[in-house]
Amino acid sequence: MRYQQTLETSSFLSGIGLHSGNPASIAIHPAPVNTGVVFVVKHEADQIQSCPAGISFLGQTDHCTTLQAGDFGIQTVEHVLSALAGLEIDNAYVELLGSEIPAADGSATPFVDMVYQSGILTQDGPRKYLKIVQPITVEDAHRSISVLPSALPQITYNIDFPHPLIKQQEYHHFCTPHEYGKNIAGARTFAFQKEVEFLWSRGLGLGGSLQNTVVFSDTGLVNDEDLRFSDECVRHKILDLIGDLSLLGIPVIGHFIAKYAGHALHTQLVQAIMHNPDKWIMLNAGETGKDGILNGKNSSNSTIHPSELQPAFHAF
Ligand SMILES: [Zn+2]
């Protein structure tokens, strides 16, 4: 029997938002069994607004993944969610100051470090899994993502960019915390120099810099620092996919195969899994039932009683 996990204590990170360019800080706190991951913001008078990391709260997926619960929106959730899912943290409160997760170094390593600084706590509740029993695919003209039955959770990702340092890349990832920390978490966000001004004109990437993004010129790298992996781009795509898949709210046992996909297609696959309950079964489903697990963790803008939170929650 595997048990759910949370953090032993709270941890903190400050920086700027990759897309807004505004100051951004987060704290990751322990949370009770069956909470899932919930983003919270504390207002005056101890009022707390919350948004579960669930697909029903999905906002825009243009260059990053955003969540929206009423007037509470959070930009660029995918890297912190990826770190939590990659390390098999089931329950956590992610408290924000601002409306975007800090860009950090463009990878998930700073969030992985937060988890390891806090320590991982095994909880008194069974871990639940969604096991794929029939293939599910979403695709558009040139891109696709599928999930196939598999004994173990794994991801195969393909990308193809006409750039001498990227070209065609394929990476296969067995989804374990060890593999995630060693081979996926460190892969950084990447962009192409010629696209950067276009992004700025659309109000995106305003906090982007060579400290948090790998920028490719026409023929090479703009950054002084070398790539962390020769296939860093495809590894970052897997990092993003793991974060986006976590919006399902339950780990999936299946083999994900992605070709040239991105946040939009990743989240469409999450929707397709939700809408095709004949293609998966629940393992260790417990008492909540499949609807409860997928949708019913917390309601939009629900108020969390401050006594449920750790004292460090009020540190900001
Ligand atoms: Zn990313």
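Everything numeric in this text was worked out from a predicted model, so none of it was measured.

## Here's the deal with the nonpolar core
Counting residues in each nonpolar core, the largest one holds 71 residues, and the members touching the most others are I26, F39, I101 and Y180. The greatest single-element share of this core, amounting to 7 residues, is contributed by helix 5 (residues 232-245). A domain-level breakdown of this core finds at least three residues from each of domain 1 (3-127 + 290-315) and domain 2 (129-285). Not counting chain neighbours up to four residues away, the residues in contact with Y180 comprise S82, A83, G86, L87, A108, V112, H173, A185, L239 and I242. A31, V38, V40 and I48 belong to the second-largest nonpolar core, a separate cluster that totals 5 residues.

## Details of the coordination of the zinc ion
Coordination of the zinc ion by the protein involves H79 (NE2), H236 (NE2), D240 (OD) and D240 (OD), with metal-donor separations of 2.1 to 2.7 Å. Here the donor residues of the zinc ion share one chain and are spaced in sequence as H-x156-H-x3-D. With H79 in helix 1 (residues 78-86) and D240 in helix 5, this pair connects stretches of sequence that are 161 residues apart. Accessibility expressed as a relative area gives 8% for H79, which makes it buried.

## Details of the sheet that holds strand 2 (residues 11-16)
Hydrogen bonds along the backbone pair up the strands of a sheet, which may run parallel or antiparallel. An order of 2-3-8-4-5 is seen for the 5 strands of this open sheet, with the pairing classed as mixed. Single-partner strands in this sheet number two, and they are strand 2 and strand 5 (48-52). With strand direction ignored, the average angle separating the axes of adjacent strands in the sheet is 25 degrees. Strand direction decides the pairing type here: strand 3 (residues 23-30) and strand 8 (residues 92-97), joined by 6 bridges, are antiparallel. Within strand 8, the position partnered with I26 by the bridge is L96. Sitting on the sheet, helix 1 touches strand 3, strand 4 (37-42) and strand 8, and the angle it makes with strand 4 is about 135 degrees. Helix 2 (residues 109-118) contacts strand 2 and strand 3 of the sheet and is inclined by roughly 160 degrees relative to strand 2.

## Some points on the pattern of salt bridges
Per the stated rule, a full pass over the model turns up 8 salt bridges. A salt bridge links D140 to R143; its shortest N-O distance comes to 2.5 Å. R228 serves as the salt-bridge partner of E225, at 3.9 Å between the closest nitrogen and oxygen. What you see here is one network of salt bridges that share partners, running through D105, R188, E225, R228 and E232.

## Examining the pairing of strand 10 (residues 129-132)
Relative to strand 19 (residues 280-283), strand 10 is paired through 4 bridges, and the arrangement is antiparallel. Residue pairing in the sheet places Y129 in a bridge with L283 of strand 19. Bridge count for strand 10 against strand 17 (residues 252-253) is 2 bridges, and the pairing is parallel. Bridge assignment links K131 to a residue of strand 17, and that residue is I253.

Conventions we followed
Residues numbered from 1 in each chain as written. Predicted model: local features only at pLDDT ≥ 70, side-chain atom pairs only at ≥ 80, totals over all residues. Heavy atoms only, no water. Core = buried A, V, L, I, M, F, W, Y, C linked by side-chain atoms within 4.5 Å. Buried < 20%, exposed > 50% of the residue type's maximum accessible area, 1.4 Å probe, protein only. Helix = DSSP H or I, 4+ residues; strand = E, 2+ residues; numbered from the N terminus. Domains from an automatic or database assignment. Contact = heavy atoms within 4.5 Å. Donors = N, O, S within 2.8 Å, 3.2 Å for Na, K, Ca; no water. Pairing = 2+ DSSP bridges. Axes fitted to C-alpha atoms, helices over the stretch in contact; angles between N-to-C directions. Salt bridge = Lys/Arg side-chain N within 4 Å of Asp/Glu carboxyl O.

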